[in-house]
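Observations on the three-dimensional arrangement
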4 protein chains.
Amino acid sequence: MPLKTYEQYLESLKNLRPNIHKFDQLIEDVTTHPATKRTVEGHGWTFKAAFDDKYKKTLTTESHLTGKTISRYLSIIQSAEDMYANSDMKRLMFHLTGTCTGGRCAGWSALNAMFITTFEMDRDLGTDYHPRFLKWLEDAQERDITISGALTDAKGDRTKAPSQQEDEDFFLHVVEKRDDGIVVRGAKVMICGIAAANEVFVIPGTAFKEGDEKYAVAFVIPKDVEGLTIVETRHPSDKRDEESGFDNPVTEGGITQAYLFFEDVFVPKERLFMCGETKYTGSNVGYFVMPYRAAIGGCVAGQGDIKIGSAILTARTNGLPSKVFKDKLVQMNINNETTFAVGIASAARGKKHECGAWLCDPLLSNVNKVHVATLPYETSVLAQDIAGGIAETGCMPSYQDFHSEKYGHLIQKYMKAKHSAEARARAARLVEWCTLGGGVPGCMHGGGSPDGAKLFIKAYSELEKKVEISRRLAGISEEIPEPGK
Amino acid sequence: MPLKTYEQYLESLKNLRPNIHKFDQLIEDVTTHPATKRTVEGHGWTFKAAFDDKYKKTLTTESHLTGKTISRYLSIIQSAEDMYANSDMKRLMFHLTGTCTGGRCAGWSALNAMFITTFEMDRDLGTDYHPRFLKWLEDAQERDITISGALTDAKGDRTKAPSQQEDEDFFLHVVEKRDDGIVVRGAKVMICGIAAANEVFVIPGTAFKEGDEKYAVAFVIPKDVEGLTIVETRHPSDKRDEESGFDNPVTEGGITQAYLFFEDVFVPKERLFMCGETKYTGSNVGYFVMPYRAAIGGCVAGQGDIKIGSAILTARTNGLPSKVFKDKLVQMNINNETTFAVGIASAARGKKHECGAWLCDPLLSNVNKVHVATLPYETSVLAQDIAGGIAETGCMPSYQDFHSEKYGHLIQKYMKAKHSAEARARAARLVEWCTLGGGVPGCMHGGGSPDGAKLFIKAYSELEKKVEISRRLAGISEEIPEPGK
Amino acid sequence: MPLKTYEQYLESLKNLRPNIHKFDQLIEDVTTHPATKRTVEGHGWTFKAAFDDKYKKTLTTESHLTGKTISRYLSIIQSAEDMYANSDMKRLMFHLTGTCTGGRCAGWSALNAMFITTFEMDRDLGTDYHPRFLKWLEDAQERDITISGALTDAKGDRTKAPSQQEDEDFFLHVVEKRDDGIVVRGAKVMICGIAAANEVFVIPGTAFKEGDEKYAVAFVIPKDVEGLTIVETRHPSDKRDEESGFDNPVTEGGITQAYLFFEDVFVPKERLFMCGETKYTGSNVGYFVMPYRAAIGGCVAGQGDIKIGSAILTARTNGLPSKVFKDKLVQMNINNETTFAVGIASAARGKKHECGAWLCDPLLSNVNKVHVATLPYETSVLAQDIAGGIAETGCMPSYQDFHSEKYGHLIQKYMKAKHSAEARARAARLVEWCTLGGGVPGCMHGGGSPDGAKLFIKAYSELEKKVEISRRLAGISEEIPEPGK
Amino acid sequence: MPLKTYEQYLESLKNLRPNIHKFDQLIEDVTTHPATKRTVEGHGWTFKAAFDDKYKKTLTTESHLTGKTISRYLSIIQSAEDMYANSDMKRLMFHLTGTCTGGRCAGWSALNAMFITTFEMDRDLGTDYHPRFLKWLEDAQERDITISGALTDAKGDRTKAPSQQEDEDFFLHVVEKRDDGIVVRGAKVMICGIAAANEVFVIPGTAFKEGDEKYAVAFVIPKDVEGLTIVETRHPSDKRDEESGFDNPVTEGGITQAYLFFEDVFVPKERLFMCGETKYTGSNVGYFVMPYRAAIGGCVAGQGDIKIGSAILTARTNGLPSKVFKDKLVQMNINNETTFAVGIASAARGKKHECGAWLCDPLLSNVNKVHVATLPYETSVLAQDIAGGIAETGCMPSYQDFHSEKYGHLIQKYMKAKHSAEARARAARLVEWCTLGGGVPGCMHGGGSPDGAKLFIKAYSELEKKVEISRRLAGISEEIPEPGK
């Protein structure tokens, strides 16, 4: 059974060459450095849970390549049920870690997209990408690695095409083609969970047009490949990661997002899965976002569950029962279940691709993206509403003050309510953490913007069909075409 | 193949004893009377479509009792896929008729609920309801009848239990038990599509407690049974049903809802499926509302499609292209697909009952009910926004004025825009009809109120589990129970 | 005191030449014909209330021309307090009539706009419009007449300018200039309250450009002027106006909107207030919409109060106390007070024009227009939610059925709840009437569309100022101009 | 002219005994310590602006006691116009500082409330609080001091009255009465701007009942009074306050909120304005919240302006013009102007108290509180939507990394877009700062919770009047009283 233990996972990260930085310092060991250890612990739960009877059915599945039990994060999605399990797993991971474990899930979406795209390229162009990809995939399953997915380029001026930019590096591109591989330069930015990843799956972040061949490139590299410099970004209240105590209440979960700078990085041929095929970049983005935007409903619902739970906890420590907030709690549940359900429906209404992969419904997955970009914010507001002033902006003295020898006893005396001061503080800190602190994921723009999703919705909503249905009902015999067309 | 043709269906209605009234008059023939013919035509589409290659896969299915091809409206729902087809069929029927064909769908939900409940009663109590029910069902499938579902009692003072009411008739009940059947008295109110129905399936509308045995009664009767007096209710702009011309633009679709008065109606034993088993009334309501509240997302989406189409049509007749309204159209589509998708997800996450029926997920179906009670109203507002002042309240002269010999030419001259005055008028009338006219269905309270759904949501939302997940994340070791418990 | 009594008002309408039609029939007497008498009764309340100690302070004011007590509907708005009284009066009129009395209020806005515009034209161009206007106004005050305001042209293809239309009549225009006046042709459509008006104030509905002089025309005419043909439009459930009984529950209130066809109508010089001055048409629309969009918040709040009251009444007849719906009621009140308050604020933040008129704040009045186009719909949904299924679509048998000799006793027996069947029916019919029946005003597009208001908001929102404030705060020294400018 | 300069203000703070702590350290000088200097600088703008011709009319007014020009923050509000200036000043202060300057505004509301309450107590009880208060006020105006307002007690179990709490200190109370004053014990928590204040105005935070006399106490004390220990709370990303560079982009603005522990603090008689008069505590809370909840609309609008400006700035640095986001910008403006306008309307519809103070309309000010607790969150979401992924969670490398010698050039190269990397970073950091960073004010629970406001709304919304209006319109002759009453 090719499943790593938690300890083996930590070891695998320690074995990588240090190339991640934050605050102008090199992080020698991501498993212990305060800037990264929380996210590593969070990803560690994907390994612990795979061995836990309660969770393993959600975390693992059977490889369609080898028949072995593998991590679901390395599997090819082949049915609606696989997608339901995807939503369930993401919701569970938020339950276990409080936040996003993006160092496995975007990579999973990327490899699923490339499973289809390599198949299509080989089918149409006679290339040999698909078997090459399968070989890598089988090996990846065997090694049970964690894989970040890297799409977003630096992009420069948003109104210009790649070739019009003042610096060609604004989009990652091939600078040299060799017999044994290629050399690439550029950057991938805002890449989630890189600190917890063993490898990085790089795919084009947008649809490139003819003439932009050098940008149409997809590959996987070890995170510690030569020429790759990684800088972690900040997140809200990130300095608390360096503190001890409960002001950052979650220890086994955390988000990191990084900027990846590729300075002439070599990619060997056997890890190269697209090189110049611009025609396939648009559909490949689609193959990426469909399962991603379907299943992210599970993420948002999972964190929404914690917003509910932590808001109730805070209220209870104040002495207030849930019934006082029942309408708000119902609305929070509606929000959670809506993003969850629209994702499930996108899977249920999907269809099989000839390569064996399951394609989610594109209209519904993009509708879900818009919900994911709005509903969790309303849920956060409701959590703060229920939990009161101390949770709204985390309006409490620090952990250090809480234990001050001079006046800590005053804080503890006066923060006590129905329950102890510490229980109140921890509960309220958790609300703060997941509504405006370190636990807030980038669910609005992560995996693409809501405005981008709206373009998909417009494209897939069959307006002309609806016009014709209505024209018949209204008894209009005239043709009523779109003006100007 | 036990499928009636459209003509056979009309004939079957003509053959019934007239017992429906409106405006203090007896309706002799529901297929021709202006108050009922539009809804009959709408239901007629369920027969036409069953013979249409384009639609028949959606409208028919295989009987699990006989293996014959039957109307889907008479089938037992046995899988998630059956439920998807349910949603699709309902959306299609709104496309074909513009509105609700409730004279088949509530009956379908009722018979599916009683399929399960008769099984459970027999299993637990040793009764013989289930085979009796199956016998009736097989016959109903063979006759391809339309069946209204009747749940809502008169109810009297809403804060009192049935037995506390000043008049015991406020809830339909048994007044006499005979060897060959029972006699019932009371009323069922706001019953949809009765004019288009052959039979009426009566089930308890609420959970009755011990002591209320006489109210726990379920049965099917022919619509023209002796002792049953039916009065149609009004709906918005219902007097236009009597007019000719396009002020009521839809001719093959329409809603009716009726009050049914049972004055000592005899129900023969072979059509009696519950009699006194109060314990099963609560779960039976649940079995009714779960598929109903899941699939109503298809209804609302179907009418939403028409709101989109008719709003675009009106704008086009004014000369305006869709891109002017693109954000509004995207929002309308999001609303439509949300109710549709949450219903689909409720089916996808359902499970099999031991009797073979498919149970939708109760949390998701009730979440959908709340969406159905809110989102279509927003969609209506957007349709009126796009379509402009003439659609907002149907602010145009009447059809008679349109064709006035004195000044009709002025109306036609000045209502002309990018397209003819008639096309503009018809398009705007369709917007009016489905946003505040005769096509507005009772989607908020039909099949139960949103407040009722919120009670289900609260019950199924597992708050304590969410509290525990959050307590672990926050590192709180104290127990934090609900205050006052 | 130049105030007409209610009886004198009716008499003044009876004395006009009949020229209003509906359903291809001439309405001989608007005070008694079912299509118009409800709106006449509603407007009649403006006269009754002027003599009622409780209301007269709201309905009357002092003429700044003569010092006499006049109807507020004929006064020039000269202070913020005058505008507050405007909002209060509109809210009161909805309380008294249930709906819009637009046959006085749009005319009032029109005459206030022309008070300013005639002043500005005389000031800039040396014309004598202002004294001419004042002379008419003093006479109008003396006669205490009701005046409809007519802005909206037929407009033809919305993407074309007036001069590009295939028919020049699509915008009302001068066809002949004489020494003693002008002759006009065209149409004004969707004109509110014409049936209850003595005169009609016609002003340009849009900003005309140079070259479109013939369309830049403003004047007042008696409603029964030669050459003017009027056709009343339909409104939801308008056929109920012809019925007796409580299915249309409101007898002293109702909306009418009409199409006015001008076939070479002569306007004498002393009633002509603009003729060719295109440059002033844009600002004049602004002067019209500012007080209109401010005070319409009072209208919408007034009807919202009735939605609250009728929803509570219906619930109480069902036996349910308000506390069950307290959150919904609070939200309804918030919606009402928001439209009311933003209108008040628009007045409070206004300023004095040099001619003495009070100018409301244009940003706030247009913000209010958007609220008026959205919030009352949410309030309607909440009213239907509270009032239940019988109110949602008025799902009850007709008044005729209610009193049927054959089965009326059954309806009355079963519709009884905590209160009598009739009280329940009347309460629910009132909810129906003001949420999707005859009482629904055209508040979304009346007085201009929300999209038009958004253009104003964009124009008045000083984005560059906000950018500069933010640039300073962010410490950005670079200039950051709008791209492409 | 009793107006301090900015320098005199700083000096006045330096002269106070240090008694504020954070992170278990005593803050020796609030004007230089990183935890407090930003908020001091922000409050410093209230002094600078008072001397700036552009702003001084907004920041200063005439004392009604002495006729001298004083800070508006020390004035008694005597007219609607004074309240408009209040809203304007608050909006301006957010423009100048980016966030809340609560160390003057809550104190201002407190002293205005006590102006009325001392008057009422003297009038009813024959006490001499009012002249005592006026004497202090005149002196405070002369010294031009900054005054925090302190209402919120520790409160303990929220379901218990003060006298039922396990610790009587949970509400601040009198422990000793002396001839020359009183001694108090307890805590006031979440007190805004204490670091920037010279004095603290303490008033009861809730309505106390008979028997709770010891809690009914109001007074002003110097911030550095003996026995007062102050601990600053955390706020989002507060550790960035200690950093240099632009990751916390705003240097002259910042929020602090503190816990104040009173360990037997002596209050001299001349600073004591209530002592035991429980009957006046409820109305005094009302007098506090009415102007506070009206004017907070200006605060929220002011920060909303910055959300608009910083979102546009970020988009522009990406190359995107505002028109791409025009609907979102319009909605943001609507949100801003709504909270601003409802506050203005609350003032406009206010009335004069017999003591000379202006009372805002309680219904409208509480409606505004609910808007303030919801609309700014939607505005924040829209700002993040427009500004993109880097702003959503501030997803950029730190300032230190930006200037790293090793790889800073890569960050600067790849963050460049239409404008420089630094301009992009600063703009996006400002969005982050005011949507989920250090600039987020506690606008939901600050000054009381939205649920509390809803109770006021319910109380002031005159439901019975609305029921009666509707009963008349519906023609219902039966009385329809509230069930159960």
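Rules used in this analysis
Residues numbered from 1 in each chain as written. Chains lettered and ligands numbered in written order. Predicted model: local features only at pLDDT ≥ 70, side-chain atom pairs only at ≥ 80, totals over all residues. Heavy atoms only, no water. Contact = heavy atoms within 4.5 Å. Buried area = accessible area lost by both parts, 1.4 Å probe. Salt bridge = Lys/Arg side-chain N within 4 Å of Asp/Glu carboxyl O. Polar contact = N/O pair within 3.5 Å; in protein donor to acceptor, adjacent residues only side chain to side chain. Helix = DSSP H or I, 4+ residues; strand = E, 2+ residues; numbered from the N terminus. Nonpolar A, V, L, I, M, F, W, Y, C, P; charged D, E, K, R; others polar. Buried < 20%, exposed > 50% of the residue type's maximum accessible area, 1.4 Å probe, protein only. Lys, Arg positive; Asp, Glu negative; His and termini not counted. Pairing = 2+ DSSP bridges. Axes fitted to C-alpha atoms, helices over the stretch in contact; angles between N-to-C directions. Least-squares fit on C-alpha atoms with pLDDT ≥ 70 in both. Core = buried A, V, L, I, M, F, W, Y, C linked by side-chain atoms within 4.5 Å. Parallel < 35°, antiparallel > 145°, perpendicular 65-115°, else oblique. Expected span 1.5 Å × (residues − 1). Phe/Tyr/Trp six-rings, centres within 6.5 Å; stacked < 30°, edge-to-face > 60°. Lys NZ or Arg CZ within 6 Å of the ring centre and 35° of its normal. Patch = residues over 30% accessible without salt bridge, like charges linked within 9 Å, V, L, I, M, F, W, Y side chains within 5 Å. Areas by Shrake-Rupley, 256 points an atom, 1.4 Å probe, with all protein chains shown as cover. Charge placed at Lys NZ, Arg CZ, Asp CG, Glu CD. Left-handed = near helix turned anticlockwise from the far one by under 90°.

Some details on the interface of chain A and chain D
Contact residues are listed per partner, giving 84 residues for chain A and 84 residues for chain D. Surface buried jointly by chain A and chain D totals about 6,700 Å² across both partners, of which 57% is contributed by carbon and sulfur atoms. In terms of surface lost to chain D, no three residues of chain A exceed A:Asp24, A:Arg234 and A:Tyr414, which account for 12% of the buried area on that side. The interface formed by chain A and chain D includes 14 salt bridges. The interface formed by chain A and chain D contains 43 residue pairs in polar contact (both at pLDDT 80 or more).

Section: the interface of chain D and chain C
With 74 residues of chain D in contact, the opposing surface of chain C contributes 73 residues. Summing both sides of the interface, chain D and chain C together bury roughly 6,000 Å²; the carbon and sulfur share of this comes to 68%. A per-residue breakdown of the area chain D buries against chain C is headed by D:Arg316, D:Arg349 and D:Leu473, which together make up 12% of the total. Taken together, the connections running from chain D to chain C amount to 8 salt bridges. With its nearest N and O atoms 3.2 Å apart, the salt bridge here joins C:Lys466 to D:Asp305. Our count for the chain D to chain C interface comes out at 33 residue pairs in polar contact (both at pLDDT 80 or more). Every element with two or more residues in the side of chain D that touches chain C is listed here: α4 (80-97), α7 (281-317), α8 (326-348), α9 (362-372), α14 (421-436), α15 (450-460) and α16 (463-474) of chain D. Top element by residues in the side of chain D that touches chain C is α8(D). It accounts for 13 residues. Per-class residue counts for the side of chain D that touches chain C are 38 nonpolar, 16 polar and 20 charged.

Here we look at the side chain of C:Glu392
Tracing the backbone shows C:Glu392 in helix α11 (residues 389-392). No salt bridge is formed by the buried C:Glu392; its nearest oppositely charged neighbour, B:Lys369, is found at 7.0 Å. In this structure the side chain of C:Glu392 is engaged in a polar contact, spanning 2.8 Å, whose partner is the backbone nitrogen of B:Met444.

Here we look at the sheet that holds strand β5 (residues 147-150) of chain D
Residue and element names in this part refer to chain D. Strand order in the open sheet formed by 4 strands is β5-β8-β9-β12, with mixed pairing between adjacent strands. Two strands close off the open sheet at either side, each with one partner strand: β5 and β12 (272-275). Ignoring strand direction, the axes of neighbouring strands in this sheet form an average angle of 20°. Here strand β8 (residues 199-202) runs beside strand β9 (residues 217-222); their pairing, made up of 4 bridges, is antiparallel. Looking at the pairing, Val202 lines up with Phe219 of β9. Contacts between helix α5 (residues 102-125) and the sheet are confined to β5, β8, β9 and β12, with β5 contributing the most and set at about 65° to the helix.

Here we look at the pattern of salt bridges
Residue and element names in this part refer to chain A. Under the definition given, this model contains 156 salt bridges over all chains. Among the salt bridges present, the one from Asp29 reaches Lys14, with a minimum N-O distance of 2.7 Å. Taken as a pair, Asp29 in the loop between β2 (25-26) and α2 (37-50) and Lys14 in helix α1 (residues 6-14) lie far apart in primary sequence, 15 residues in all. Judged by relative accessible area, which is 19%, Asp29 ranks as buried.

Structural notes on the relation of the copies chain D and chain C
Structural alignment of chain D on chain C gives an RMSD of 0.0 Å, achieved by rotating through 180° and translating 0.0 Å along the axis. Taken together, the rotation and translation relating the two chain copies correspond to the operation of a two-fold axis. When C-alpha positions in chain D are compared against the rotation axis, the closest is assigned to D:Ala345, at 2.3 Å. Of all interface residues in chain D, 99% are interface residues in chain C too; the two copies therefore contact each other through one and the same surface.

Considering the nonpolar core
Ranked by internal contacts, the top residues of the largest apolar core, which has 239 residues, are A:Trp136, A:Phe201, B:Trp136 and B:Phe201. Judged by nonpolar contacts, the second largest core, of 238 residues, contains C:Val184, C:Ala258, C:Cys299 and D:Leu96.

Considerations on the relation of the copies chain A and chain D
At an RMSD of 0.0 Å, chain A and chain D line up after a rotation of 180° and a shift of 0.0 Å along the axis. With an isologous cut-off of 70% or more, the 100% of interface residues of chain A that recur at the interface of chain D puts this contact in the isologous class.

Concerning the packing of α2(A) against helix α5 (residues 102-125) of chain A
A packed helix pair is summarised by two numbers, namely the angle formed by the two axes and the spacing between the axes. Residues and elements named next belong to chain A. Running from N to C, α2 and α5 point in directions that differ by 70°, and their axes come no closer than 9 Å. Put simply, α2 runs roughly perpendicular to α5. For the pair α2 and α5, the contacting residues are His43, Thr46 and Phe47 in the first and Gly102, Gly103 and Arg104 in the second. Counted by class, the contact of α2 with α5 contains 1 nonpolar, 4 polar and 1 charged residues.

Description of the environment of A:Arg234
Structurally, A:Arg234 is set in the loop between β10 (228-232) and β11 (257-268). According to the relative accessible area criterion, A:Arg234 is buried, its value standing at 1%. Taking the C-alpha atoms as reference points, A:Arg234 and A:Asp144, 90 residues apart in sequence, are found 29 Å from one another. Within the structure, A:Arg234 has its side chain in polar contact with the side chain of D:Asp247 (distance 3.0 Å).

Thoughts on the environment of B:Lys352
Residues and elements named next belong to chain B. Here Lys352 is to be found in strand β13 (residues 351-352). Take Lys352: its relative accessible area is 48%, and that puts it in the partly exposed class. In this structure, the C-alpha to C-alpha distance between Lys352 and Ile77, residues 275 residues apart in sequence, is 9.9 Å. When near neighbours in sequence (up to four residues on either side) are disregarded, Lys352 contacts Gln78, Ala357 and Trp358. Within the structure, Lys352 has its side chain in polar contact with the backbone oxygen of Gln78 (distance 2.6 Å). At a separation of 3.1 Å, a polar atom in the side chain of Lys352 contacts the main-chain carbonyl oxygen of Gly356.

As for the sheet that holds strand β11 (residues 257-268) of chain D
In spatial order, the strands read β2-β1-β10-β11-β7-β6 (chain D); together these 6 strands make up an open sheet with mixed pairing. Each having just a single partner strand, β2 (25-26) and β6 (173-178) of chain D make up the two edges of the open sheet.

Digging into helix α4 (residues 80-97) of chain C
Spanning 18 residues, α4(C) covers 26 Å between terminal C-alpha atoms, matching the ideal 26 Å at 1.5 Å per step. The first or second residue beyond α4(C) is C:Gly98, which carries a positive phi of 80°.

Points about the packing of aromatic side chains
Under the criterion given, the structure shown has 76 aromatic pairs over all chains. Here the aromatic rings of B:Phe171 and B:Tyr215 are separated by 6.0 Å at their centres, their planes lie at 70°, and the arrangement is edge-to-face. Of the two residues, B:Phe171 sits in the loop between β5 (147-150) and β6 (173-178) while B:Tyr215 sits in the loop between β8 (199-202) and β9 (217-222), which places them 44 residues apart along the sequence. With respect to burial, B:Phe171 and B:Tyr215 carry one shared label: buried. Ring-pair connections join several aromatic residues into one group, and the members of that group are A:Phe115, A:Phe133, A:Trp136, A:Phe201 and A:Phe273. The ring centre of A:Tyr6 lies 4.5 Å from the NZ or CZ of A:Lys48, which sits over that ring. The side chain of D:Lys239 reaches across the aromatic face of D:Phe23, ending 4.9 Å from its centre.

Concerning a positive patch on the surface
Positive charge collects at one region of the surface, where A:Lys323, A:Lys326, B:Lys458, B:Lys485, C:Lys323, C:Lys326, D:Lys458 and D:Lys485 lie side by side. The residue C:Lys326 is located in helix α8 (residues 326-348) in this model.

What to know about the packing of helix α1 (residues 6-14) of chain C against helix α2 (residues 37-50) of chain C
Residues and elements named next belong to chain C. Interaxial distance between α1 and α2 falls to 8 Å at its minimum, and their mutual angle equals 135°. Taken together, the axes of α1 and α2 lie oblique to each other. Crossing of α1 against α2: the hand is right-handed. Along the contact surface, α1 presents Tyr6, Tyr9, Leu10 and Leu13, while α2 presents Val40, Glu41, His43, Gly44, Phe47 and Lys48. Residues belonging to the contact of α1 with α2 are distributed by class as follows: 6 nonpolar, 2 polar and 2 charged.

Quick word on unusual backbone geometry
Of note, the phi angle at C:Asp24 is positive, near 60°, even though the residue is not glycine. Its place among the elements puts C:Asp24 in the loop between β1 (20-22) and β2 (25-26). With a relative accessible area of 28%, C:Asp24 lands in the partly exposed category. Its identity as a non-glycine residue notwithstanding, D:Ser237 has a phi of 55°, on the positive side. Mapped onto the secondary structure, D:Ser237 falls in the loop between β10 (228-232) and β11.

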